[in-house]
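# Secondary and tertiary structure notes
Each chain, written out:
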Amino acid sequence: MARKLTKKYVSIPPILGPSGLVFSCADKADIFRNALEESFQENIEPYDDNFIEKVENEIDDYFHMNNSPSSAPLSSPAEILTIIAKLNIRKTFGPDKIPNKALKLITPNALTFLTKIFNKCLTLNYFPLRWKQANIIMLSKPGKDPKFPQSYRPISLLSSLGKIFEKVLQKRINSYCDSSNIIPKEQFGFRAQHSTIHQLLRVTNSITEGMNNKFYTGDFPSHPRTITCLFADDSAVLAQGTTIKYILRTLESFLVSLEEWLTKWRIAVNTDKTKAIIFRKGCTNFNPTNLEFFDETIEWVTEVKYLGLIIDNKLTFRQHTSYLKEKFWAKIYLCLPLIGRNSSLSLENKLILFKQVLRPILTYAAPIWGLAAPTNRKKVQILQNKLLRIIVNASWFIRNSVIHSDLQIESIEDHILKLSRKFFSGIIDHPNNLIADQTDFTEFTGRYRYPYTTTKWSLPLKPP
């Protein structure tokens, strides 16, 4: 697929600094440096000086008491070679100027010495400072004025050897965190056997359960009357209740504890991106009072975007299918030189591009939004029909069913069915009980369906 990075190099235009426009590379670098230094500052407020001092003292005490050699498992040439084999040769090298392509040709003797260096770093609890240095490349943000330094985002090119050692450390840190249950069960980000779809399933099941029990569900550190859903730094908190007043009291109580936690750990939150929503089927004639978060009013909305899925207050997913249409055609526009009617690419390669790049855009989180009404699912099928007609340059009189049959492409409905069955089969006996417990929502017992019904299985995963 054509990539923007393969385009010809475009020099950075003059940058506006405090004293006007600058033209030399050195002056531009100074302005970018100052802009980055200003952006990446520690959060001054909110803060809790007593708590910060306590944390700093505990960290100092830990390092003074644990200055003995590390007990972390040592690495081996086989482990290092496995990591090197997975390196992308197209990645640019860092300050050490060692390309990944050269590392893939490493000799046995060099591999042995490299392993010894890594093991010595593990033993001494040491990470070389040279591996922390990076070359910074500034890339312009789309639609921004290129003369302002804030219109660029930085890309850090680190040492390839440092990246290999980071993967060695990551394996040992993950193993320790799993064995010690350090990472909260609610956190699904960057964890094996966890995905955004698993977290979206928890959210959707909780909302549907509230609807079946005539509860209101509000979306907004742990609280006894809320459900916390985390994926990296994307978070959602659900509270259920039979009245709006109860929901508001619960969320207000949670926000107070959240403010205290954020203040302690000196974490800043963009309150403009914080939204509140009430999920309820049927008529919802109410005007909820405003929620306050760090003295800012949280906006009440009728739909929210969480982990790439647009969830509306009726759980119809109508807005999400419209969003898919815009996103899908934007990607097709980029790929049109490769899949269009005048493309010289073979049909086989066009279909590979369709299956690996384009169709996943349509079917992301399909086991969840597959609950949408047939009319909304049909809109997604129409998108696939139009794309396949473009790929094969079909005449107007050829039926879509014939194109699907000849290309051996399943319909969106059948593809969602296959994805859903594979997904729900994988949650049985999952190591995280928050995911395994979603089998409790595979039996249709209320008016509103759970995402499990997208499998069209007649029996629940978990016997009643």
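Parameters and conventions
Throughout, a residue's number is its position along its own chain's written sequence, starting from 1. Side-chain atom pairs in this predicted model are given and counted only at pLDDT of 80 or more, local residue features only at pLDDT of at least 70, and totals for whole chains, interfaces and linings cover all residues. As a convention, hydrogens and water are excluded, and side-chain values are obtained from all of the structure's heavy atoms. Here a strand is any run of E in DSSP of at least two residues, a helix any run of H or I of at least four, and the numbering for each starts at the N terminus. Burial classes follow relative accessibility: with a 1.4 Å probe on protein chains only, a residue under 20% of its type's maximum area counts as buried, one over 50% as exposed, and anything between as partly exposed. Per-residue and other accessible areas follow the Shrake-Rupley method at a 1.4 Å probe size, with only the shown protein chains counted as cover for residues. Under this rule, positive means Lys or Arg and negative means Asp or Glu; His and the chain ends count for nothing. Lys charges are placed at NZ, Arg charges at CZ, Asp charges at CG and Glu charges at CD. An expected span of 1.5 Å times one less than the residue number is assigned to each helix. By the convention used here, residues are in contact when the closest approach between their heavy atoms is within 4.5 Å. Salt bridges are defined as contacts in which a side-chain nitrogen from Lys or Arg sits within 4 Å of a carboxyl oxygen from Asp or Glu. Patch membership needs two things, relative accessible area over 30% and no salt bridge, and members are linked within 9 Å if like-charged or within 5 Å if nonpolar (Val, Leu, Ile, Met, Phe, Trp, Tyr). Here pLDDT means the predictor's own confidence in every residue, given as a number from 0 to 100. Pairing between strands is defined by DSSP: at least two bridges between the two strands are required. Stacked, tilted and edge-to-face are the three classes assigned to paired rings of Phe, Tyr and Trp, where Trp is represented by its six-membered ring and a pair needs centres within 6.5 Å; plane angles under 30 degrees give stacked, over 60 edge-to-face, the rest tilted. Here an angle of 0 to 180 degrees is reported between the N-to-C directions of two axes, which are lines fitted to C-alpha atoms, with helices fitted over the stretch in contact. Working rule for angles: under 35 degrees goes down as roughly parallel, over 145 as roughly antiparallel, 65 to 115 as roughly perpendicular, anything else as oblique. Charged residues are taken to be Asp, Glu, Lys and Arg, nonpolar residues to be Ala, Val, Leu, Ile, Met, Phe, Trp, Tyr, Cys and Pro, and polar residues to be all remaining types, Gly included. For the domain bounds, the source is a domain assignment made automatically or taken from a database. Definition of a polar contact: a pair of N or O atoms within 3.5 Å, with one able to donate and the other able to accept a hydrogen when the atoms are protein atoms, and with sequence-neighbouring residues admitted only if both atoms are side-chain atoms.

Moving on to the overall build of the protein chain. Counting its regular elements, the protein chain contains 15 helices and 12 strands. Counting only residues that meet the buried cut, the protein chain has 38% of its 464 residues in that class. Carbon together with sulfur atoms contributes 55% to the accessible area of the protein chain, which is approximately 28,300 Å² in total. For the protein chain, the centre of its 61 positive side-chain charges and the centre of its 43 negative side-chain charges are spaced 13 Å apart.

Below, the discussion takes up helix α7 (residues 196–212). Here α7 is 17 residues long and its end C-alpha atoms lie 24 Å apart, about the 24 Å a rise of 1.5 Å per residue gives. The buried count for α7 comes to 15 of 17 residues, which makes it a mostly enclosed element.

With respect to the helices, strands and loops of the structure, T363 is situated in helix α10 (residues 347–363). Every residue in contact with T363, bar those within four places of it in the chain, is listed here: W369, I412, H415 and L419.

Inspection of the entire model under this criterion finds six salt bridges. Residues E299 and K275 are paired through a salt bridge, measuring 2.7 Å at the closest nitrogen-oxygen approach. With E299 in strand β10 (residues 296–300) and K275 in strand β8 (residues 275–279), this residue pair connects regions lying 24 residues apart in the sequence. Relative accessible area serves as the criterion here: at 28%, K275 is assigned to the partly exposed category.

As a further point, take a positive patch on the surface. Positive charge collects at one region of the surface, where R318, K325, K379 and K386 lie side by side. Those elements that place two or more of their residues in the positive patch are α9 (318–339) and α12 (374–392). Within the element layout of this structure, K325 appears in helix α9.

Across the protein chain, pLDDT averages 87, with 91% of residues at or above 70. When the elements of the protein chain are averaged for pLDDT, strand β5 (residues 216–219) gives the smallest value, 54, and helix α3 (residues 77–85) the largest, 96. Below a pLDDT of 50 lies the segment residues 1–7, which in the model reaches seven contacts outside its immediate sequence neighbourhood of four places, other chains included.

Let us now look at the pairing of strand β12 (residues 309–312). Side chains L309 and I311 project from β12 onto one buried face, and the interleaved I310 and D312 project onto a second face that is buried too. Judged from the four bridges that link them, strand β11 (residues 303–306) and β12 form a sheet pairing that is antiparallel. From the neighbouring strand, E303 faces β12, where its bridge partner is D312.

With 21 residues, helix α8 (residues 244–264) extends 30 Å from end C-alpha to end C-alpha; this agrees with the ideal 30 Å at 1.5 Å per step. Among the residues of α8, I244, I247, L248, T250, L251, F254, L255, L258, L262 and T263 are the ones counted as buried. Just downstream of α8, R266 is the residue with a positive phi angle, here 55°.

Looking now at the packing of aromatic side chains. Inspection of the entire model under this criterion finds 14 aromatic pairs. Pairing F118 with F165 gives two aromatic rings, centres 5.3 Å apart and planes at 20°, and the pair type is stacked. A residue pair is termed long-range when its members are at least 10 positions apart, and F118 in helix α5 (residues 108–123) and F165 in helix α6 (residues 160–180) qualify at 47 residues. According to the relative accessible area criterion, F118 is buried, its value standing at 0%. Ring plane angle 55° and centroid distance 5.3 Å describe the contact between F441 and Y450, whose orientation is recorded as tilted. Of the residues examined, Y450 reaches a relative accessible area of 7% and is grouped as buried.

With that settled, consider the packing of α3 against α5. For the pair α3 and α5, interaxial distance at closest approach is 9 Å and the crossing angle is 100°. Accordingly, the angle class assigned to the pair α3 and α5 is roughly perpendicular. Contacts between α3 and α5 involve P77, I80, L81 and I84 from the former and L111, L114, T115 and F118 from the latter. Residues of the contact of α3 with α5, tallied by class, amount to seven nonpolar, one polar and no charged.

If you check the domain split of the protein chain, you get domain 1 (68–180), domain 2 (196–312) and domain 3 (318–419). For domain 1 and domain 3, the distance between their C-alpha centres works out to 38 Å.

Checked against the element boundaries, N100 lands in helix α4 (residues 100–103). Taking the relative accessible area as the measure of exposure, N100 reaches 6% and is therefore buried. Within the structure, the side chain of N100 is placed 2.8 Å from the backbone oxygen of N88, a separation counted as a polar contact. Only 3.1 Å separates the side chain of N100 from the side chain of S160, close enough to count as a polar contact.

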